Amino acid sequence: MKRTLFFLSCVLLLGLPTLSEAQLKVNRKSAPQQKTAEEKEQEELLQKYQQAMHPDTLIKQLDLQLSEFKKQGLATPELIQEFEKAREEIRKQFGGTRQPPRQEEVAESEPEPLEIAAAPTPAQPEFEVAFDTQSNPASEVPLSVRFYTEAAMNAAKFVKWMEKQHKVTLRVTDSLQTGDGPRYVHFQQEVDGYVVEGTRFTFTVQPKTGAFATGMAFTPFTKKNQLKLSEAQAFQKVQAVVSGGSALRLTKKTTTAFAEPIALASCQAEGLAWVQKDPGISRPEFWLCHRFYLMKSDEKIYINAETGEVFRRENTLLECLPTIQPEQHLPASGPGVPARVNTLFYGVQPIATLQKDTAFLLADPQTPRIAVFYTDTLQGVRQPFWDKSNSWANAALRETGSLDVHWAYRQVANYYYTRHNWMGTDNLASDIHIFYDPEYVGASFNPNDFTFKYGVISPTIIDNLAADKNWLGGGRSGWMKGSLGRSKPFASLDVCAHEFTHAVVESMGGMNRAGESGALNEAIADVMAAAAEAAIDPMGSNPWLIAEKLFIGTGIRNLATPKSSTIQAQPDTFEGKFWIENSGTCDSGNDRCGIHVNSGVIARWFYLICNGGMGTNDFNEKYSLKDGEQVSIDEAAKLVFQTIPLLHPASDFEHFSDMTLEVANNLFGKCSKKARAIEYAWYAVGVREDPPARCGDWTFDLVISMEGQSSTINFFVKDERMVMTTQSEDGPTKVYTSRHSALMTAVVRNEEGGYESHTLPKNILKYNLEKMDEMMPEMEKQAEEEFAQMRRSIAAEEDPAARAMKQKALNQSMAEYERMRAETLPEMRKNMEEGSKEVNISESEFFGANSRKSRRKAKREFDKQFVKGFGEVEGYKSKHYVMNEGMDWWSTHEIPLKFSDLSLLAPGFFGSGSGLPLDHYMRGFPLRFGQMLKITKIRNSAAANFEQLYSSSPVFR
Ligand SMILES: [Zn+2]
């Protein structure tokens, strides 16, 4: 049996071509009119691949190769006999080891008994990557990984797998559960015992789709600097560069006590970490830095641990208005009374306060505790708002919005608890502190100490904004009608819910504050605010406007029609009109690359899944989400909420869209109308290039025509499972496997006319390589024995002529054996190693793009250059790709399968993984490939007897 596998490897390797990604890439870049040498080579390779997939060809090649072996090597009769045996064995069984059918397969199979020979099950690969949905443009470590169900992956195994596969060390940071959703385990990367800033991985086992991990980590990097400075020495450097540095007090990061004055002069030491100079998607470099957080200026300062230089200095607030210069106005505090309070925006509402000595504090002692503070600039501390009679009737206090904020945060906390089973901002019911700052314009969340800040916007600022032609809303008369005449605090329910959501996101690991990740962060805050407002606003405000209590009638952002957002127009299409490029420096000058602008795309998606709608996006794609296909705003919020733990600091819109589908399939069911609507809406806003493929199961024939002969392979696809059957002169054969499985099972006829099944790894070459190493000593021993026997025979030979002949034969055998060992086997080994490598080339790499934007562009350009027609093939909308006068194919996006799904017969040939070059190349599922390959008799349903087909029972159609 070992020999069989060994020879099978030889056949596959020596007889079949290898398609390398390089060859494919070269071809893509060449001009369409010229047929280059590479293109010709490409064509030949593709042809050879088609041939290789053919079962008859495979058998033929086996025979050829075996006779070749017979001719050249291993001259002893015994070995020749072995070869013959092996050839027979391969012919009848396709290779593999024997395994009894599984219990459920026995139960479902026909009563006909199967002949089972005792032999070991192939060693189960301990960890195998089933497929990689997206490789990471900034790192060698993939962005997401799905694991074989057989591997029974858990969080601990995942850590080992990352270590083994990617040399990445992960440390658990937290584990959380979102309501009734699955459990998520979060990890952070460490290098040399120090955390790497901005890294995070999430591991989860979704009930329907299995073990899955996604995140951001880096291939271990070389050190840029040494640790020479102590924390105290680094702190001195901070003091030297910060104005008023001598007043700073070094503290350790702790959570602040409830209603205690907070020292604004504190400087929290956050420890050593590897920090990127320019966080972005280009391949980064890391320096070891001491990290400090300055409470007073909401700044993070990174000190190079070797040189003491300021490495980076940044404001960390999640500002929710693009930066506007603050100005002086309104005093902050005042006395007041009642328990039911007259809020600024929401009429009379009940709140809870805290009695302390002879006064009442604007501090709600229920879980989670909520308190609103004002900034006491004289004392340099923040104090709770207080009222002696608990009537809270002071108008000036009311104008600060503190009553609204106090009420609103409680409502939002209740919303998260009742709708999402999430307690407080961090699910730990930690205290919620909100600071009112009259000198601050906007509202923000501070991820360093988990506090909130809000200020006011004055008529002057509004007037200035309205007049500023740089703002899109500027120059228009009356766009903030009704807001004039009075300063307004950022205390509306939607603004509070927006900030609260930032804290929720942060507590699940957080995201970047710039670029697409930052825009996602803002968008999630906006859509959750819309959902919270729809659920709790007693005034029935329009949930699709943000901050319409401050900017009456329009708000600052319009989630329904982002292009009409008043403070600045937002795109409603990915990379469409009003989109702000993510390249270059992201700072407050450009809204950190448009985080409050590009968020419009996600907002529009959210609006569409809740409300349906039709239109044409900026790429001129018409879309229509019919009434009845959408989800409720509550369901949409649940979907977004459960997606948050799967995000990481480098997540972009496409990753977010993938993750929402991951969650939607679990929440609403794969192929459900709701899951489809969610996917379709991603197409409507241009994050996905194609409308969703048709759902359901598939049955079709693959007809391969070569040299005037044609043969047919029948495919049966149900969910993630696939069966392929063929008829040959030796009888019917089938192979079946699950997409997430590392193993496949072949059912073949045996000598006695019965059937037997063989389970073997999909990556057969890798498996055989290991087997080859195992059997080498045995082969050598056999050869030595053989030679020893020949020597004995020579010694015993009395006839000199016969002895000379025998000696010659021995010499020849030994020479051939030596040649095999020195040349043939190493060559074979090299080929096997090459062939067993997992090919996981990302679309970006394939299309020669190094950022998402240019990848999208590259794909559009690819289509523009090579799509020569549109039409229906077998009833499916298809595109006709013509590479040059010789090579063409028709691909459809309506069938959610890939070219590599057809390659079961040559498993492991391309390695495993989804990022196979041909899959990218085909731009869909190929229904025609020249004259050679044809998909026909397509049915969008599973065979009635699929379960029998997908079993070791001898059912073949
Ligand atoms: Zn925000």
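Quick caveat, the model's predicted, so the values are computed rather than measured.

## Digging into the overall build of the protein chain
A tally of regular secondary structure across the protein chain gives 24 helices and 42 strands. Residue pairs at least 24 apart in sequence account for 64% of intrachain contacts in the protein chain once pairs closer than 6 positions are excluded. Carbon and sulfur atoms make up 50% of the accessible area of the protein chain, which amounts to about 38400 Å² in all.

## Brief notes about the UniProt feature "active site" (unreviewed entry) in the protein chain
The positions that UniProt labels "active site" (unreviewed entry) are, in the present scheme, Glu-499 and His-596. The named residues occupy 98 residues along the chain; their greatest pairwise C-alpha distance, 13.4 Å, places them in one compact cluster. Of note, Glu-499 is situated in helix α12 (residues 493–507). Looking at the element boundaries, His-596 is found in the loop between α14 (591–594) and α15 (599–611). Since its relative accessible area comes to 5%, His-596 is described here as buried. A polar contact is formed between the side chain of His-596 and the side chain of Glu-522, at a distance of 3.4 Å.

## Describing the confidence of the model for the protein chain
Averaged over the protein chain, the pLDDT score is 75; the fraction of residues at 70 or greater is 72%. Below pLDDT 50 for its whole length, residues 45–129 participates in 188 contacts with residues either more than four positions away or in separate chains.

## Some thoughts on the packing of aromatic side chains
Describing an aromatic ring pair means giving the distance of the ring centres and the angle of the ring planes. For the structure shown, the criterion picks out 43 aromatic pairs. Here Phe-385 and Tyr-436 contribute two aromatic rings whose centre-to-centre distance is 6.2 Å and whose plane-to-plane angle is 45°, an arrangement assigned as tilted. Of this pair, Phe-385 sits in the loop between β21 (381–384) and β22 (386–387) while Tyr-436 is found in strand β23 (residues 432–436), placing the two residues 51 residues apart along the sequence. No difference in accessibility class separates Phe-385 from Tyr-436, as the two residues are buried. Taking 5.2 Å as the distance between ring centres and 45° as the angle between the ring planes, the aromatic pair formed by Tyr-755 and Phe-956 counts as tilted. One end of the pair, Tyr-755, is in strand β37 (residues 755–761); the other, Phe-956, is in the segment after α24 (946–949), and 201 residues separate them in sequence. Pair check on accessibility: Tyr-755 and Phe-956 agree, each one buried.

## As for the pattern of salt bridges
Applying the stated criterion across every chain yields a total of 23 salt bridges. Across the salt bridge formed by Glu-306 and Lys-228, the nearest N and O atoms sit 3.6 Å from each other. Taken together, the positions of Glu-306 in the loop between β12 (299–304) and β13 (310–315) and Lys-228 in the loop between β8 (210–216) and α8 (231–241) put the pair 78 residues apart, joining distant regions of the chain. Owing to a relative accessible area of 56%, Lys-228 belongs among the exposed residues under this scheme. Measuring nitrogen to oxygen at the nearest pair gives 2.6 Å for the salt bridge that ties Arg-557 to Asp-526. Of this pair, Arg-557 sits in strand β29 (residues 557–558) while Asp-526 sits in helix α13 (residues 515–536); the two residues are 31 residues apart in sequence, bridging distant segments of the chain. Exposure class is identical for Arg-557 and Asp-526. Each is buried. A network of salt bridges, in which partner residues are shared, links Lys-563, Asp-572 and Asp-618.

## Description of the nonpolar core
The biggest cluster of nonpolar side chains holds 106 residues, and the ones touching the most others in it are Trp-605, Ile-609 and Ile-678. Ranked by residues supplied to this core, first place goes to α13 with 10 residues. A domain split of this core shows at least three residues from each of domain 2 (129–216) and domain 4 (543–692). When sequence neighbours within four positions are dropped, the list of residues in contact with Trp-605 reads Leu-639, Val-640, Phe-656, Thr-660, Ile-678, Ala-681, Trp-682 and Val-685. Within the second largest apolar cluster, 40 residues are counted, among which are Phe-700, Phe-846, Met-883 and Ile-895.

## What to know about the pairing of β13
Bridge count between β12 and β13: five bridges; the pairing is antiparallel. Bridging from a neighbouring strand, Ile-303 pairs with Val-310 of β13.

## So, the packing of α15 against helix α16 (residues 633–643)
One can describe the packing of α15 onto α16 by two numbers: an axis separation of 8 Å at closest approach and a directional angle of 140°. The angle between α15 and α16 places the two elements in the oblique class. Crossing geometry of α15 relative to α16 is assigned as right-handed. Here α15 contributes Trp-605, Phe-606, Ile-609 and Cys-610 to the contact with α16, which in turn contributes Ile-633, Ala-636, Ala-637, Leu-639 and Val-640. In terms of residue class, the contact of α15 with α16 is built from nine nonpolar, no polar and no charged.

## Digging into unusual backbone geometry
For the peptide bond that leads from Thr-367 to Pro-368, omega is -15°, which places it in the cis range. Of note, the phi angle at Lys-167 is positive, near 60°, even though the residue is not glycine. Counting through the fold element by element, Lys-167 comes out in the loop between α7 (155–166) and β4 (169–177). The exposure class assigned to Lys-167 is exposed, which follows from its relative accessible area of 55%. The backbone of Asn-427 sits at a positive phi, close to 65°, despite the residue not being glycine. Tracing the sequence through the fold places Asn-427 in the loop between α10 (402–420) and β23.

## Concerning α10
The terminal C-alpha atoms of α10, which comprises 19 residues, lie 26 Å apart, in line with the 27 Å expected from a rise of 1.5 Å per residue. In terms of residue burial, α10 counts as a mostly covered element, since 15 of its 19 residues are buried. Immediately beyond the C-terminal end of α10, within one or two residues, lies Asn-421, with a positive phi of roughly 55°.

## Focus on the state of the cysteines
Using the criterion set out here, one finds one disulfide in the structure. Put simply, Cys-671 and Cys-695 are joined by a disulfide, and their sulfur atoms are 2.1 Å apart. What sets the handedness of the Cys-671 and Cys-695 disulfide is the S-S torsion sign, and at about -90° it is left-handed. You can see Cys-671 sitting in the loop between α17 (653–668) and α18 (673–684) and its partner Cys-695 sitting in the loop between α18 and β32 (698–706), a full 24 residues away along the chain. Among the residues examined, Cys-671 registers a relative accessible area of 36% and is labelled partly exposed.

## Quick word on α18
An ideal rise of 1.5 Å per residue puts 16 Å on 12 residues; α18 measures up with 16 Å between its terminal C-alpha atoms. For α18, the full list of buried residues reads Ala-675, Ala-677, Ile-678, Tyr-680, Ala-681, Trp-682, Tyr-683 and Ala-684. Buried residues along α18 sit in contact with α15, β31 (622–625), α16 and α17. Of the residues one or two after α18, Gly-686 is the one with positive phi, at around 80°.

## A look at the side chain of Arg-923
Its location among the elements puts Arg-923 in the loop between α23 (917–922) and β41 (925–929). With a relative accessible area of 7%, Arg-923 lands in the buried category.

## Here's the deal with the pairing of strand β39 (residues 876–882)
One ladder, built from six bridges, connects strand β38 (residues 867–873) with β39; its direction is antiparallel. What sits directly across from Val-867, in β39, is Tyr-881. The hairpin turn running from β38 into β39, its antiparallel successor, is two residues long, and Glu-874 in that turn takes a positive phi close to 55°. Relative to strand β40 (residues 888–892), β39 runs antiparallel, the two being bridged by five bridges. Paired with Ser-878 across the two strands is Thr-892, which belongs to β40.

## Concerning the side chain of Asn-714
Among the secondary structure elements, Asn-714 is positioned in strand β33 (residues 709–718). Assessed through its relative accessible area of 11%, Asn-714 is described here as buried.

## Quick notes on the packing of α16 against α17
Contact geometry of α16 with α17 gives a least axis separation of 9 Å together with a crossing angle of 120°. Considering their axes alone, α16 and α17 lie oblique with respect to each other. Of the two elements, α16 crosses α17, and the hand of that crossing is right-handed. On α17, the residues that touch Glu-635, Lys-638, Leu-639, Gln-642 and Thr-643 of α16 are Phe-656, Met-659, Thr-660, Val-663, Ala-664, Leu-667 and Phe-668. Taken together, the residues of the contact of α16 with α17 break down into seven nonpolar, three polar and two charged.

## Here's the deal with the sheet that holds strand β17 (residues 354–356)
Strand order in the open sheet formed by three strands is β17-β18-β22, and the pairing between neighbours is antiparallel. Pairing within the sheet leaves two strands with one partner each, and these edge strands are β17 and β22. When β17 meets strand β18 (residues 359–361), the two strands line up antiparallel, connected through three bridges. The partner of Leu-354 across the bridge, within β18, is Leu-361.

Reading guide: rules and limits
Residues numbered from 1 in each chain as written. Predicted model: local features only at pLDDT ≥ 70, side-chain atom pairs only at ≥ 80, totals over all residues. Heavy atoms only, no water. Helix = DSSP H or I, 4+ residues; strand = E, 2+ residues; numbered from the N terminus. Contact = heavy atoms within 4.5 Å. Areas by Shrake-Rupley, 256 points an atom, 1.4 Å probe, with all protein chains shown as cover. UniProt positions renumbered as here; feature names shortened; annotations may be inferred. Buried < 20%, exposed > 50% of the residue type's maximum accessible area, 1.4 Å probe, protein only. Polar contact = N/O pair within 3.5 Å; in protein donor to acceptor, adjacent residues only side chain to side chain. pLDDT = per-residue confidence, 0-100. Phe/Tyr/Trp six-rings, centres within 6.5 Å; stacked < 30°, edge-to-face > 60°. Salt bridge = Lys/Arg side-chain N within 4 Å of Asp/Glu carboxyl O. Core = buried A, V, L, I, M, F, W, Y, C linked by side-chain atoms within 4.5 Å. Domains from an automatic or database assignment. Pairing = 2+ DSSP bridges. Axes fitted to C-alpha atoms, helices over the stretch in contact; angles between N-to-C directions. Parallel < 35°, antiparallel > 145°, perpendicular 65-115°, else oblique. Left-handed = near helix turned anticlockwise from the far one by under 90°. Nonpolar A, V, L, I, M, F, W, Y, C, P; charged D, E, K, R; others polar. Expected span 1.5 Å × (residues − 1). Disulfide = S-S within 2.5 Å.

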